[in-house]
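Examining the three-dimensional arrangement
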Amino acid sequence: MTAVPTLPPSDGRPELVVLRAIKLGDLLVAVPALHALRRAFPGHRITLATTAWLAPVVELVPDVDVHLAQHGLDHPIAVPAGVVDVAVNLHGAGPESGQLIDALQARRVIGHGAPDGPEWQHDVHERERWAGLMTAHGMPADPDDVSIAVPAVPAVVQGAAVVHVGAFHGARHWPVDRFAAVVRGLVERGHQVVLTGGADDVERALAVAESAGLDDAAVLAGRLDLQPFAAVVAAASLLVTVDTGAAHLASAYGIPSVVLFGPAPPEAWGPPASGPHVVLTDASVRRGDVFAEDPDPAILAVTAEDVLAAVDGLGVVPAVRAPSADR
């Protein structure tokens with residue numbers, strides 16, 4: 001699915017437009033709400049107005065028919081006024097998103113504070129927030145219903161322990177030497193390990209590989225587009241990551257994960273408690289500045305030993321044994 005600049009011509013179905021113009025993790029925590037919308041409006045064409053670079057993952061959300069490129073809230077949603085039957089605000093409850101939704105002049109608006117809508121709550125998990133919004137509007141939603149489709153593209157590696165070293169901001173960075181210690185521990189346990197991250201994380205990933213004694217071929221950071229990356233996570237035996245979109249992909253595919261939290265509280269962004277996931281952090285020292293350039297004390301409180309103990313607690317058996325494990 002390609003992100004389009006304007007709403008395509010009608011295909012005869014009533015139009016339903018959803019606003020959620022943020023990043024990968026933000027999209028994935030809204031999946032339970034999107035599932036509920038599809039169940040409630042099976043005959044509508046559902047258009048998701050969200051960030052264009054998310055197109056490969058939007059394609060994996062079967063509830064969405066059209067991906068409309070929406071770069072933040074500083075420009076209108078590219079839909080003519082009056083053609084939308086249902087407009088849904090899954091972005092927020094502030095005036096900026098509200099004005100964009102109001103400008104659509106939809107027959108029905110679904111959002112916080114809208115007719116029959118719940119009041120905005122600050123201390124609630126994001127999945128529960130949006131699932132709860134749907135339920136309040138008569139569309140029962142399960143906040144743990146996070147599944148998305150597995151990419152058709154084959155994973156470049158099957159059954160690996162994926163260690164995701166990247167994060168958008170320094171506040172979520174975990175030290176290279178600790179990642180390396182975790183990698184060594186995983187290899188000692190028989191896992192084949194690959195290192196993932198974005199283009200900005202290649203240097204960190206190479207440093208982890210060098211310190212851990214991994215070949216550079218194990219570094220996938222900067223080499224995978226979103227769908228191939230999602231395929232690697234979907235085929236993994238385990239994911240170790242900081243609080244990023246990678247963690248939400250593991251949740252979507254039910255892959256055992258150990259997630260390290262820094263400035264953001266896991267009570268708002270953590271994986272489903274019902275899944276094979278472990279959260280590690282220390283809320284007592286959390287600074288909470290998500291845009292800081294240095295790591296939050298809450299993530300620095302997590303040691304490599306903590307991570308390996310969490311891996312052992314998950315009971316993950318290596319799906320693909322590392323070469324060194326047979327020596």
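Up top you'll find the structure we're talking about.
This section reports on the structure supplied with the text. Bear in mind the structure is a predicted one, so any value in this text is a computation, not a measurement.

1. Some details on the pairing of strand E9 (residues 257-260)
Of the two faces of E9, both are covered, the one formed by Ser257 and Val259 as well as the one formed by Val258 and Leu260. Here strand E8 (residues 238-242) pairs with E9 via four bridges, running parallel. Bridged to Thr241 within E9 is Val259. Handedness of the crossover is the feature at issue here: the chain leaves E8, passes through helix H9 (residues 245-253), returns alongside E9, and the resulting connection is right-handed. Where E9 meets strand E10 (residues 277-280), four bridges bridge the pair, whose relative direction is parallel. Each residue of the ladder has a partner; that of Leu260, found in E10, is Leu280.

2. Structural notes on the pattern of salt bridges
A full pass over the atoms with the stated rule returns twelve salt bridges. Of the charged contacts in the structure, one is a salt bridge between Asp65 and Arg38, with a shortest N-O distance of 2.5 Å. Residue Asp65 is found in the loop between helix H3 (55-58) and strand E3 (66-69), and its partner Arg38 is found in helix H2 (residues 31-40); the two are separated by 27 residues along the sequence. In this structure Arg38 comes out as buried when scored by relative accessible area, which is 17%. Asp85 is paired through a salt bridge with Arg107; the nearest N and O atoms lie 2.5 Å apart. Of this pair, Asp85 sits in the loop between E3 and strand E4 (86-89) while Arg107 is found in the loop between helix H4 (95-102) and strand E5 (108-110), placing the two residues 22 residues apart along the sequence. Of the residues examined, Arg107 reaches a relative accessible area of 60% and is grouped as exposed.

3. Remarks on the packing of aromatic side chains
This model, assessed by the stated rule, comprises two aromatic pairs. For the pair Trp120 and Trp130, a centre-to-centre distance of 5.8 Å together with 65° between the ring planes defines the contact as edge-to-face. With a gap of ten residues between them, Trp120 in the loop between E5 and helix H5 (126-136) and Trp130 in helix H5 connect regions that are remote in the sequence. Ring plane angle 90° and centroid distance 5.0 Å describe the contact between Trp174 and Phe179, whose orientation is recorded as edge-to-face. Residue Trp174 is classed as buried on the basis of its relative accessible area of 1%. In this arrangement the basic side chain of Lys23 is found over the ring face of Phe168, its NZ or CZ atom lying 5.7 Å from the centre. One residue, Arg129, lies across the ring of Trp120, its end atom 3.9 Å from the ring centre.

4. Describing the sheet that holds E8
The pairing of strands in a sheet happens through backbone hydrogen bonds and is either parallel or antiparallel. If you walk across this open sheet you meet the five strands as E7-E6-E8-E9-E10, and the pairing is parallel. Bordering the open sheet on either side are strand E7 (193-196) and E10, each of which pairs with just one other strand. Adjacent strand axes in the sheet meet at a mean angle of 15° when their direction is disregarded. Where strand E6 (residues 161-164) lies against E8, four bridges are found, and the strand directions are parallel. Among the inter-strand pairings, His164 is bridged to a residue of E8, identified as Thr241. Relative to E6, helix H6 (residues 176-188) is tilted by about 180°, and along the sheet it contacts E6, E7 and E8.

5. Some points on H9
Each turn of an α-helix holds 3.6 residues, which means side chains three or four residues apart point in the same direction. Most of H9 sits out of view: nine of its nine residues are buried. Those residues of H9 not exposed but buried are Gly245, Ala246, Ala247, His248, Leu249, Ala250, Ser251, Ala252 and Tyr253. Once H9 ends, the next one or two residues include Gly254, with phi positive near 65°.

6. Observations concerning the sheet that holds E4
If you trace the five strands from one edge of the open sheet to the other, you get E3-E2-E1-E4-E5, paired in parallel fashion. The sheet terminates laterally at E3 and E5, the two strands that pair on one side only. Here the strands of the sheet are splayed against their neighbours by 20° on average, with no regard to which way each runs. Alignment of strand E2 (residues 45-50) against E3, held across four bridges, turns out to be parallel. The residue bridging Thr47 from the neighbouring strand is Val66, located in E3. Contacts from H2 reach strand E1 (15-19), E2, E4 and E5 within the one sheet, and its direction differs from that of E1 by about 170°.

About the criteria used
Along every chain, residues carry numbers that run from 1 in the direction the sequence is written. A pLDDT threshold of at least 70 governs which residues receive local features in this predicted model, and a stricter bar of 80 or more applies before side-chain atom pairs are shown or counted, although totals over entire chains, interfaces and linings include all residues. The side-chain values count all of the structure's non-hydrogen atoms but skip hydrogen atoms and water molecules. Burial classes: relative accessible area under 20% of the type maximum marks a residue as buried, over 50% as exposed, and values in between as partly exposed (1.4 Å probe, protein chains only). Put simply, DSSP H or I for four residues or longer makes a helix, DSSP E for two residues or longer makes a strand, and each gets a number counted from the N terminus. We call two strands paired when DSSP finds no fewer than two bridges between them. Seen with the strands pointing away from the viewer, any crossover whose path from the first strand over the helix to the second strand runs clockwise is right-handed. In what follows, salt bridge is the name for a side-chain nitrogen of Lys or Arg lying within 4 Å of a carboxyl oxygen of Asp or Glu. Here a pair means two rings of Phe, Tyr or Trp (six-membered ring of Trp) with centres within 6.5 Å. Their orientation is stacked below 30 degrees between planes, edge-to-face above 60, and tilted elsewhere. In this scheme, Lys NZ or Arg CZ marks a charge over a ring once it lies within 6 Å of the ring centre and within 35 degrees of the ring normal. Angular values range over 0 to 180 degrees, each being the angle between N-to-C directions of two axes fitted as lines to C-alpha atoms, with helices fitted over their stretch in contact. Any two residues whose heavy atoms approach within 4.5 Å at even a single point are treated as in contact.

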